Amino acid sequence: MERVDYIVIGSGIAGLRATLELVGHGEIVVLTKERVTQSSTEYAQGGVAVVMSDDDDISLHYEDTLRAGAGLCDPDPVKVLVEEGPTYIEELIGWGARFDRVGDQLELGQEAAHSRRRILHARGDSTGREIVRTMLGRLRRVDGVQVRQHALSLQLLTDDRRCLGVRYVDTITGECHAMVARAVILATGGAGQVFAQTTNPDVATGDGIAMAYRAGALVADMEFVQFHPTALNLPGAPRFLLSEAMRGEGGRLRNSRGEAFMPRYHPRAEMAPRDVVARAIISEMERTGTATVFLDVRHLGASFLKRRFPRIYRTCLKYNLDIARDLIPVSPAAHYIMGGVRTDVFGRTSIPGLYAAGEVACSGIHGANRLASNSLLEGLVFGARAAQAAKEDGWERPSLGRLAHRCDERASWRVPDQIVQRVREAMWQKVGLIRSGRELQQALALLEGLDSPASDDVTRNFLTVAQLIARAALFRRESRGSHYRTDYPHRDDERWLVHSGQQRGRSPFPIPVGDVFPEAGGDISQVMGRTDS
Ligand code: FAD
Ligand code: SIN
């Protein structure tokens with residue numbers, strides 16, 4: 001058992017930015033599941049959305065974010081994001097981040113549902129890697145921070161008043177450890193790995209959301225999972241992302257007959273919101289009886305493609321695809337979760353002493369659908385703010401004695417393969433892009449059947465996240481943003497202009513938009529005045 005000042009769990013953009021904010025305030029330990037660079041952040045391609053040009057305005061970024069969120073964005077955190085974003089990006093540039101430029105001006109990319117070109121990118125399509133490089137470089141030059149790799153957090157330690165620390169396993173030795181601190185910042189990222197098809201790296205299993213929920217924290221909006229329209233769909237290749245920026249630069253989607261189909265689905269064609277493009281692809285695949293569509297960037301020319309998308313160009317070549325000459329087979333894959341641990345605008349969760357930032361959190365910025373390239377910015381701004389709050393809230397270091405009994409010597413840290421496969425298939429088939437009440441119920445029954453009090457923490461966390469998504473999707477009887485149900489195909493503002501909340505021991509309940517931690521959640525009828533049979 002160890003005692004430190006702050007524990008940060010996760011080393012993506014949110015965790016690293018939080019850590020940098022804590023420097024100089026005592027002993028800080030960063031626990032990260034694999035190597036320090038293994039995160040969604042490291043793979044982020046398209047870039048960071050931020051208002052940095054005279055042609056743009058904060059109010060436009062605000063409105064675009066709200067429009068994408070389909071009525072469920074909480075205005076306060078969105079304001080914080082768009083207003084503070086530019087300052088945090090300037091700071092990052094000051095630390096040495098090299099975003100692409102044309103002459104001395106930042107080069108701005110275009111992505112779907114943005115009314116202006118406002119996407120900063122680095123080395124073409126290696127934006128996340130450049131951000132991680134910059135922040136790790138800065139971290140190496142400071143004292144007081146220990147980064148523990150292969151340290152997989154299993155469970156949050158709490159007493160009846162607050163979060164005290166975490167129990168984790170060293171995945172090299174198999175030894176279990178416990179650590180207490182003044183405050184714990186969760187920055188464990190998303191949960192794409194609970195789906196069979198995902199752009200997310202292996203580490204994205206939603207552990208932070210599950211650990212917080214199991215500790216009693218409020219989680220929200222778990223039904224809202226964003227499916228990216230264009231992941232590489234080639235037998236034997238990973239579901240590598242083909243950035244939306246490729247469509248922003250003029251790439252077109254074609255069906256197996258070579259037809260550019262998007263104009264039939266939306267006036268903005270390839271630049272329609274992600275959920276619209278993803279569902280259009282599914283519909284074209286069904287219409288043409290094929291399992292893929294194609295991204296066509298051939299007309300952009302080899303030299304442009306090699307300069308603007310070097311990583312994508314090289315990766316596709318490894319699979320014998322020359323994107324300057326060949327059509328790229330693509331189909332949707334789980335990409336991002338809008339829901340997560342409910343937080344206020346300073347990353348405070350409903351458990352005192354526990355903070356959350358980045359993809360693990362649900363501050364209400366993204367509503368029912370995230371605007372492209374808003375999440376790197378979110379991790380930066382809210383990683384810093386969560387750390388500021390953790391310092392300012394002034395928690396005492398807990399005494400060691402209170403928790404000494406809670407650590408076993410060894411812990412299991414692998415979800416059995418059979419469970420992984422069954423969960424991922426069920427989630428993809430029944431809780432994926434197109435859902436129905438019947439299939440959601442089937443999925444939930446399977447997930448609950450796999451759960452057992454005897455399961456180890458890693459397995460329970462994995463099953464918990466999947467159940468939270470399925471339960472929230474069953475709860476929301478409408479279609480909105482990324483959540484589409486064939487049995488409730490329309491958006492229903494009269495009844496469902498609310499977040500979904502979940503908390504241990506309670507059925508899902510509504511949270512009014514803008515309300516962070518409602519005093520008493522309840523049956524939908526309490527808010528809406530009626531129930532749906
Ligand atoms: P992550 O970067 O995922 O970091 C999570 C960290 O937590 C990792 O270090 C992980 O190892 C660690 N962790 C997880 N569980 C545990 C545990 N139990 N114990 C200890 N450590 C744990 N967004 C954009 O804005 N722009 C883009 O261009 C963009 N492109 C993307 C491309 C891809 C391929 C993907 C997958 C996502 C992309 N996104 C993009 C989304 C964005 O990258 C992520 O939402 C964002 O990076 C999340 O940052 P984070 O710090 O919250 O989490
Ligand atoms: C992409 O480059 O298409 C991903 C951008 C994002 O997820 O915001």
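Residues numbered from 1 in each chain as written. Chains lettered and ligands numbered in written order. Predicted model: local features only at pLDDT ≥ 70, side-chain atom pairs only at ≥ 80, totals over all residues. Heavy atoms only, no water.

Q: Account for the environment of Asp159, with residues named and values stated.
A: As for its placement among the helices and strands, Asp159 is situated in the loop between β10 (151–158) and β11 (163–170). The spacing of Asp159 and Ala215 is 56 residues in sequence and 9.5 Å in space, taken between C-alpha atoms. One polar contact links the side chain of Asp159 to the main-chain amide nitrogen of Arg161, over a distance of 2.7 Å. At 3.0 Å, the side chain of Asp159 forms a polar contact with the backbone nitrogen of Arg162. (Helix = DSSP H or I, 4+ residues; strand = E, 2+ residues; numbered from the N terminus. Polar contact = N/O pair within 3.5 Å; in protein donor to acceptor, adjacent residues only side chain to side chain.)

Q: Describe helix α4 (residues 75–94), listing the residues and the values that go with them.
A: In an α-helix, one full turn covers 3.6 residues, which means residues spaced three or four apart are oriented alike. In this model, α4 (20 residues) spans 29 Å end to end at C-alpha, consistent with the 28 Å of a helix rising 1.5 Å per residue. Approximately 40° is the largest bend angle found in α4, and it occurs at Glu84, with the proline Pro86 only one to four residues beyond. Along α4, the residues classified as buried are Pro77, Val78, Val80, Leu81, Val82, Gly85, Pro86, Tyr88, Ile89 and Leu92. Of the surrounding elements, those touching the buried residues of α4 are α1 (13–22), β4 (48–49), α3 (58–68), β8 (119–120), α5 (127–140) and α11 (374–392). Directly after α4, the chain includes Gly96, whose backbone phi takes a positive value near 115°. (Expected span 1.5 Å × (residues − 1). Bend = angle between axes of the 7 residues up to and from the residue. Buried < 20%, exposed > 50% of the residue type's maximum accessible area, 1.4 Å probe, protein only. Contact = heavy atoms within 4.5 Å.)

Q: So what's going on with the packing of aromatic side chains? Residues and values would help.
A: This structure, assessed with the given rule, holds four aromatic pairs. Note on Phe475 and Trp496: the rings are 5.1 Å apart at their centroids and 85° apart in plane angle, and the pair reads as edge-to-face. In this pair, Phe475 is assigned in helix α14 (residues 457–475) and Trp496 in helix α15 (residues 493–496), connecting sequence segments 21 residues apart. Just as Phe475 is buried, Trp496 falls in that class too. What links up through ring pairs into an aromatic cluster is the set Phe195, Phe227 and Trp428. The lysine or arginine in question, Arg370, covers the ring of Tyr336, its NZ or CZ lying 4.1 Å from the ring centre. Directly above the aromatic system of Phe509 lies the positively charged group of Arg506, at a separation of 3.8 Å from the ring centroid. (Phe/Tyr/Trp six-rings, centres within 6.5 Å; stacked < 30°, edge-to-face > 60°. Lys NZ or Arg CZ within 6 Å of the ring centre and 35° of its normal.)

Q: I'd like to hear about the site of ligand 1, residue by residue, with values.
A: Close to ligand 1 lie 38 residues; Thr41, Gly47, Asp207, Glu359 and Ser375 are nearest. Taking Thr41, its side chain carries an N or O atom lying 2.4 Å from an oxygen atom of ligand 1. Ser153 is positioned with one of its backbone polar atoms (N or O) 2.9 Å from a nitrogen atom of ligand 1. Taking 1000 Å² as the accessible area of ligand 1 by itself, protein coverage stands at 98%. At the level of elements, α1, α2 (40–43), β10, β18 (328–337) and α11 are the ones that each hand at least two residues to the shell around ligand 1. Residue classes in the shell around ligand 1 are distributed as 13 nonpolar, 21 polar and four charged. (Near = heavy atom within 4 Å. Areas by Shrake-Rupley, 256 points an atom, 1.4 Å probe, with all protein chains shown as cover. Nonpolar A, V, L, I, M, F, W, Y, C, P; charged D, E, K, R; others polar.)

Q: Describe the nonpolar core, naming the residues involved and giving the relevant values.
A: In this structure, Leu156 and Ile469 are the most contacted members of the largest nonpolar core, which totals 96 residues. Examining the composition of this core, we find that eleven residues originate from one element, α14, more than from any other. In contact with Leu156, not counting residues within four places along its chain, are Ile9, Cys163, Gly165, Val166, Val184, Met211, Ala212, Ala215 and Leu354. Ranked by size, the runner-up nonpolar core spans 48 residues in total, among them Val36, Ile89, Leu120 and Ile131. (Core = buried A, V, L, I, M, F, W, Y, C linked by side-chain atoms within 4.5 Å.)

Q: Could you give me a rundown of the sheet that holds strand β1 (residues 2–3), with the residues and numbers involved?
A: Adjacent strands of a sheet pair through backbone hydrogen bonds, lying either parallel or antiparallel. Ordered by their spatial adjacency, four strands build an open sheet running β1-β12-β11-β10, and the pairing between neighbours is mixed. Edge positions in the open sheet fall to β1 and β10, since each of these has one partner strand only. One ladder, built from seven bridges, connects β10 with β11; its direction is antiparallel. Its bridge partner lying in β11, Leu157 is registered against Gly165. Most of the contacts of α14 go to β10, to which it runs at about 80°, and overall it touches β10 and β11. (Pairing = 2+ DSSP bridges. Axes fitted to C-alpha atoms, helices over the stretch in contact; angles between N-to-C directions.)

Bear in mind that shape data such as this cannot, by itself, settle questions of function.
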